[in-house]
Amino acid sequence: MIGMIKSVSGGGALFNYVCKPSKGFEVDRNLVSGITPKEIFDDFKVYIEQNQRASKKIFSMVLSPSIEDGHRFSRNDFREITLEFLKELDIDFKNQPYIAFLHTEKNHHHVHILFSRIKEDGSLIKDNHIGKKAQWAAHRVAINRNLISAKQVRIDKSIAIEKEKNSNNLIQKNILSVHKSIITNQLNYEEYKRKMFENGFIIQPYLNKQDQLQGHKIIDIHSGIDYKASDIHRSLSLNNLFKIGVLPNRNEILHKTLEKPYQEGMKFLESEPTNIYKQKMR
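Everything quoted here is computed from the prediction, not taken from an experiment.

Basis of the calculations
- Residues numbered from 1 in each chain as written.
- Predicted model: local features only at pLDDT ≥ 70, side-chain atom pairs only at ≥ 80, totals over all residues.
- Heavy atoms only, no water.
- Helix = DSSP H or I, 4+ residues; strand = E, 2+ residues; numbered from the N terminus.
- Buried < 20%, exposed > 50% of the residue type's maximum accessible area, 1.4 Å probe, protein only.
- Contact = heavy atoms within 4.5 Å.
- Salt bridge = Lys/Arg side-chain N within 4 Å of Asp/Glu carboxyl O.
- Arc of directions from axis to C-beta.
- Polar contact = N/O pair within 3.5 Å; in protein donor to acceptor, adjacent residues only side chain to side chain.
- Axes fitted to C-alpha atoms, helices over the stretch in contact; angles between N-to-C directions.
- Parallel < 35°, antiparallel > 145°, perpendicular 65-115°, else oblique.
- Left-handed = near helix turned anticlockwise from the far one by under 90°.
- Nonpolar A, V, L, I, M, F, W, Y, C, P; charged D, E, K, R; others polar.
- Pairing = 2+ DSSP bridges.

**Quick notes on the overall build of the protein chain**
For step 1, the next point in the chain: When you go through the protein chain residue by residue, the secondary structure sums to eleven helices and eight strands.
For step 2, the next point in the chain: Evaluated residue by residue, the protein chain yields a buried proportion of 43% over its 282 residues.
For step 3, the next point in the chain: Once local pairs closer than 6 in sequence are excluded, the contacts in the protein chain between residues at least 24 apart make up 66%.

**Some points on the pattern of salt bridges**
For step 1, the next point in the chain: If you walk through the whole model with that rule in mind, you get eleven salt bridges.
For step 2, the next point in the chain: In this structure, K193 and E190 form a salt bridge, with 3.6 Å as the shortest nitrogen-oxygen distance. Here K193 pairs with E190, and both are found in helix α7 (residues 189-198), just three residues apart, close to one helical turn.
For step 3, the next point in the chain: Because the salt bridges share partners, they merge into one network encompassing K38, D42 and K45.

**Points about α7**
For step 1, the next point in the chain: Buried within α7 we find Y189, Y192, K193, M196 and F197. All buried residues of α7 lie within an arc of 130° about the axis, which places them on one face of the element.
For step 2, the next point in the chain: Where α7 starts, the residue carrying a side-chain oxygen 3.1 Å from the main-chain nitrogen of E190 turns out to be N188.
For step 3, the next point in the chain: Following α7 by one or two positions, G200 adopts a phi angle in the positive range, close to 100°.

**Quick look at the environment of I175**
For step 1, the next point in the chain: Within the secondary structure layout, I175 lies in helix α6 (residues 150-182).
For step 2, the next point in the chain: Through-space distance from the C-alpha of I175 to that of G200 is 8.9 Å; in sequence the pair is 25 residues apart.
For step 3, the next point in the chain: For I175, the residues in contact, after removing those within four places along its chain, are M196, F201, I218, Y227, I232 and L236.

**Structural notes on the packing of helix α4 (residues 75-88) against helix α5 (residues 130-144)**
For step 1, the next point in the chain: Running from N to C, α4 and α5 point in directions that differ by 130°, and their axes come no closer than 9 Å. Taken together, α4 and α5 sit at an angle that is classed as oblique. As α4 runs across α5, the sense of the crossing is right-handed. Listed contacts from α5 to I81, E84, F85 and E88 of α4 are A134, A137, A138, R140, V141 and N144.
For step 2, the next point in the chain: The residue inventory of the contact of α4 with α5, partitioned by class, reads six nonpolar, one polar and three charged.

**Some details on the pairing of strand β5 (residues 110-116)**
For step 1, the next point in the chain: The buried count for β5 comes to seven of seven residues, which makes it a mostly enclosed element.
For step 2, the next point in the chain: The alternating pattern of β5 places H110, H112, L114 and S116 on one face and V111, I113 and F115 on the opposite face, and all of these are buried.
For step 3, the next point in the chain: Both strand β3 (residues 58-64) and β5 contribute to a ladder of six bridges, which runs antiparallel. Bridge pairing links F59 to F115 in β5.
For step 4, the next point in the chain: Across six bridges, the pairing between strand β4 (residues 98-103) and β5 is antiparallel. By the bridge assignment, A100 is partnered in β5 with I113.

Note that every value here comes from positions in space, so none of it alone points to a role or purpose.
This is the structure:
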């Protein structure tokens, strides 16, 4: 569910758009007796003309449940969520003129609410941070009624992104830890790749157009995620492996030499990575 509010100047055109019969039907009203959009606007004028200084005298609101929720709602359901929404906004909706009109001409059903900001005594309802208040009001209504909340969807998405980030960080830490535990000056590149594979990681070299070793990436067998080695830590980079003697001169390493050690690992990765990981870790 999404809730939106903005302060507008209002006028006949706005009421004609919101209250147009071809768009849907009315679900609630207060202190309004008119039938046509013009008559409804005239009822609002009794209030909004009490304040000549304000330029934006109307709250234009939209309350939009998810498509799934909207299609199973009855007219009374829409009326109830409208009243709950107004209550959550903490404004005196019982003593203010408003009209709530449900638009059903599109697949995504939603309620338009026109609400007078001008009170009977001519004072103005404040609109500070009203947009944020609308979001949270709709969120609370959705939570109370076990509906889909747009804000909750955004929150869940942020949590999922953070979890994925933490998971990636953990994998990278594991790669670095294994690397540090096996690396020695006496280790050659083939042995290095083999030991990394035994610990659940495939070292996949790649070459330039001259068939020279350009770099390598590291694939986590369990998740299938691959990382550029130097992005994890500089100690995993090819330059560092050259410096400590794990690799010979890069010009001497040919494509066929590079592919052989990890062909088996790549074949396993394309089938069932989790099972292969377990097999290799036995």
